[in-house]
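For reference, the chains in residue letters:
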Number of protein chains: 2
Amino acid sequence: MAHRRVIAYDSTLRDGAQAQGVSFSVEDKLKVVQRLDQLGIGYIEAGNPGSNPKDLEFFARVGELHLQHAKIIAFGSTRRIGITAAEDKNLQSLLSANTTAVAIFGKSWDYQVTDILRTTLDENLAMIADTIAYLKAQGKEVVFDAEHFYDGYQANADYAMQTLQAAVDAGADVLALCDTNGGTFPNEVFSITQTVVNRFPAVQIGIHCHNDCEMAVANSVAAVQAGAMQVQGTINGIGERCGNANLVSIIPNVQLKLGLACISESQLSGLTAAARFVSEVANVAFNDKAPYVGQDAFAHKGGMHIDAVNKNPKSYEHINPGMVGNERHILVSEVAGRGAILRKLQQIDPSLTKESQAAVNILEQLKALEHEGYQFENAESSFDLLMQKLLGKFKPFFSLKQYHVNIYEPSADGLNSSVTIHISVNGQETSATAQGDGPVNALDKAMRKALQPFYPAINEIKLVDYKVRVLDSNLATAAKVRVLIESTDQQSNWTTIGVSSDIIQASWLALKDAIEYKLSQSRTSP
Amino acid sequence: MAHRRVIAYDSTLRDGAQAQGVSFSVEDKLKVVQRLDQLGIGYIEAGNPGSNPKDLEFFARVGELHLQHAKIIAFGSTRRIGITAAEDKNLQSLLSANTTAVAIFGKSWDYQVTDILRTTLDENLAMIADTIAYLKAQGKEVVFDAEHFYDGYQANADYAMQTLQAAVDAGADVLALCDTNGGTFPNEVFSITQTVVNRFPAVQIGIHCHNDCEMAVANSVAAVQAGAMQVQGTINGIGERCGNANLVSIIPNVQLKLGLACISESQLSGLTAAARFVSEVANVAFNDKAPYVGQDAFAHKGGMHIDAVNKNPKSYEHINPGMVGNERHILVSEVAGRGAILRKLQQIDPSLTKESQAAVNILEQLKALEHEGYQFENAESSFDLLMQKLLGKFKPFFSLKQYHVNIYEPSADGLNSSVTIHISVNGQETSATAQGDGPVNALDKAMRKALQPFYPAINEIKLVDYKVRVLDSNLATAAKVRVLIESTDQQSNWTTIGVSSDIIQASWLALKDAIEYKLSQSRTSP
């Protein structure tokens, strides 16, 4: 068992998207897929083309990504009662997603068949067998998700095993055992999974858990200990009700604690950044206390603990935080990745070292900004500009004198906002006024109008994404907000950030950085 | 094993208070103690009088509370190296707390003794023995917290067991085995705990876990399955790094799933309220996805799941939510279908059926609103208002004539925004102007100022949360935004929604609903 490889199977974009308040645009999904591929995820279950027509656009575009590791999975259910698989419209949608692999869920709890699906136990077996045989005949790799398997096994073990047998006989490649309601305990998961592993040695066994008893990670690990080879979960445990099993905890648990291979060492060191990235894209607040990757996961408060950790980290740390790309937080180092920051600084000024006063000052200022709510993880362009500014290497393109926003609601034409901006470019003052659909839109237009005569390159910039996150949200309307803006000039994309208790000002800061970054890249100063 | 009683041992006020950002005043602590006592907690570890002199005031006052169930525990460590227990000032402070029971932590990992404490293995045994014997001689009930026990056992089982033997020989009543670094797995906890339970049949065994591998709840349950009788943890898992074991999940797991007695049925039905109460007092955001007690824990979104739950709740619920004082939430969303919405409509007008023209029209309008970006699953109060309005049951409290927002950035005083609002209340026109930190803050203030003379109940409303999400974010600054506002009047909380391409207008719509909902609940029209 020492060298077997466990495959991480991510369902953030399918089961995770069932969570309250989570929804992904097609662009979001493509970004997440790329990031998960880099992380070394083996399978990415990315949508349900049968129940969600929007997903078809995603599947049409995902083929262009040239993934390194991951196989994309389209998800669907067994055929309907009383028809053939070929007649089932949802299965046709599934096939139109054009993936090499598919996952099919079916019932394995007798009661769910008779009382919820309201059909016979035999018809359910036929639905499983027909569907899988049909998909195999189309050349698909097939994962069979045995819904409610653990509940089903405990109610009627014989029937639950018959559903797996039907899937295997029809050619299923993987049997994924689901604890759909999240009510099973690790010792039960271990023994039932072991029975299945022994019964079906020729197929891979997978595990799919939910966190309703706060045991999804322990259950997933117990299944791996019993011989399961594929672990389904989501990044940060995003999912319906109490969430799915959290791959961000499972991967290091399996790899660092059980000693089984899952992703490479360098991929593992990108775990913290990947978890934060997905949380930003999903617009779900990141949990500072998240095991392994949270900002507090290796934070030491008590003086005695700090003393001990200074003597030897293992005294109060269960792993070396660097292995998952996280770090210890004791004194100064609220800023993520000192080494990474130094490397950035050296790109601007190669003479800098860790001891340079400039580097020490910049770390201090970064710490202060992060305390204010800045987070540069997903806004590297703002970070680059900031480094240039702090090192005195940035030559300003313009400076703001004032902007004035005027909103009359209701308005006759829908453009309820007007912004007048006064800026100075190389000592020359200029103004512009624009109307917009809301104040941020008007501000964006006015700024472009004012700058365009000086910097025609601004015409190439298009904003592609605008995100807002409320920080300290219990301050209600006086809370700080963080705005992230993604821009493109068709050659490349860049993301900038602004933080303020005023959403217009936060947007202004991010817009300003977006334009400054583009101009500093093309360096066509007037 | 069927009728043994497991004792919940809460350390929210001691180990929980080690968490980053958490601190309790003496008043807070007294409130939490009372609530935990009502909940049926057996032991409340409430402070460390040796390291925190403020705690002495708390211990002086806690005696006045007349607790029904709980014993208060003062927490401290074994005596210092090379002195007698009687000479140790921290132990004197501990005694001055004047509790009937105390907890003492000591080292049980050989490496921690030699490398961190820097003394001999024998001296550490003497420190444990002397301290416990001294406290027993003062008539105390003594819990021995064996720090790092599981790591220690795996490094040097013989020495780890000697530390427990020293404690038992000196008269310890309870041996609490600690997974201090949170790195142990449930199967390891089970087998090691079982060994200890068998070795020391005359004392109670306790368990103390941390969540660094996201397994603290599973580990605690594994220890109970191995025979542990006391479970240490904190409410909501508050604690250092990734937190302590979460008693809010452990108690129902032990009681409803293992079938062991812990607290009474009626106390269990107060679990959700108690968890939310402690979260408020600790000023830690409550986790909506918390197992058992979170707002989403029994929330159903997919139409198929909702159908099944209507047929039989056990199809997608691992327990009856009422048992822990929580409730089912059928989320209103495009996938939810007619049934859920009809039940809401019938609460307002019981004569409505699935076939009523009114119901059909409302479903059409809901679909249109969801297409625009409204999502009512997390904004039930806006949904209730909307239903009232669509059914013609809503009598308006006021109507907007116009608002005018003026922003000058930069501004001298930080209050860069000014809003003037014109409204009409029962035909009477009125206006108000307010300055704010950003336009939303100013709008909120102006609206309250204008309405307060007519509806004094507005003074009771406090906004507790403000969330913004950008929809269709590739439209950049012209994209639609969805604003969610959570409000409270101390009695209850409600959430409202606004959607617009103008963030100020979206905020206005959500603020307006927040106030209308409150007024429609109290129905004090002028």
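Below or above, wherever it landed, is the structure these notes cover. (Residues numbered from 1 in each chain as written. Chains lettered and ligands numbered in written order. Predicted model: local features only at pLDDT ≥ 70, side-chain atom pairs only at ≥ 80, totals over all residues. Heavy atoms only, no water.)

1. Overview of the pattern of salt bridges
Working step 1: A complete count under the given rule lists 38 salt bridges over all chains for this structure.
Working step 2: In this structure, Asp173 of chain A engages Lys136 of chain A in a salt bridge whose closest nitrogen and oxygen atoms are separated by 2.9 Å. Residue Asp173 of chain A is found in the loop between helix 7 (157-169) and strand 6 (174-179), and its partner Lys136 of chain A is found in helix 5 (residues 121-137); the two are separated by 37 residues along the sequence.
Working step 3: Overall, Asp173 of chain A belongs to the partly exposed group, its relative accessible area being 28%.
Working step 4: The class of Lys136 of chain A is partly exposed, set by a relative accessible area of 29%.
Working step 5: Its salt-bridge partner being Lys71 of chain B, residue Glu141 of chain B comes within 2.6 Å of it at the nearest N-O pair. (Salt bridge = Lys/Arg side-chain N within 4 Å of Asp/Glu carboxyl O. Helix = DSSP H or I, 4+ residues; strand = E, 2+ residues; numbered from the N terminus. Buried < 20%, exposed > 50% of the residue type's maximum accessible area, 1.4 Å probe, protein only.)

2. Let's talk about the packing of helix 15 (residues 357-372) of chain A against helix 16 (residues 380-390) of chain A
Residues and elements named next belong to chain A.
Working step 1: In the contact formed by helix 15 and helix 16, the axes pass within 11 Å of each other and the chain directions differ by 135°. By the angle between their directions, the pair helix 15 and helix 16 is classed as oblique. Crossing geometry of helix 15 relative to helix 16 is assigned as right-handed. Touching Ile362, Gln365, Leu366 and Leu369 of helix 15 are Phe383, Leu386, Met387 and Leu390, all from helix 16.
Working step 2: Broken down by class, the residue content of the contact of helix 15 with helix 16 amounts to seven nonpolar, one polar and no charged. (Axes fitted to C-alpha atoms, helices over the stretch in contact; angles between N-to-C directions. Parallel < 35°, antiparallel > 145°, perpendicular 65-115°, else oblique. Left-handed = near helix turned anticlockwise from the far one by under 90°. Contact = heavy atoms within 4.5 Å. Nonpolar A, V, L, I, M, F, W, Y, C, P; charged D, E, K, R; others polar.)

3. A few points about the environment of Thr420 of chain B
Residue and element names in this part refer to chain B.
Working step 1: Examined against the element boundaries, Thr420 turns out to sit in strand 12 (residues 417-425).
Working step 2: Sequence separation of Thr420 and Leu443 is 23 residues, and the distance between their C-alpha atoms is 7.8 Å.
Working step 3: Setting aside residues no more than four positions away along its own chain, Thr420 makes contact with Gln402, Tyr403, His404, Ala432 and Thr433.
Working step 4: A distance of 3.0 Å separates polar atoms of two side chains, one belonging to Thr420 and the other to Thr433. (Polar contact = N/O pair within 3.5 Å; in protein donor to acceptor, adjacent residues only side chain to side chain.)

4. Observations regarding the sheet that holds strand 2 (residues 43-47) of chain B
All names here are of chain B.
Working step 1: Read once around its circumference, the closed barrel built from eight strands follows the order 1-2-3-4-5-6-7-8, with strand pairing classed as parallel. Adjacent strand axes in the sheet meet at a mean angle of 25°, parallel and antiparallel pairs treated alike.
Working step 2: Where strand 5 (residues 141-147) and strand 6 (residues 174-179) come together, four bridges link them in parallel fashion. Paired with Val143 across the bridge in strand 6 is Val174.
Working step 3: Relative to the sheet, helix 8 (residues 186-199) contacts strand 6 and strand 7 (204-209), its axis offset from that of strand 7 by approximately 155°. (Pairing = 2+ DSSP bridges.)

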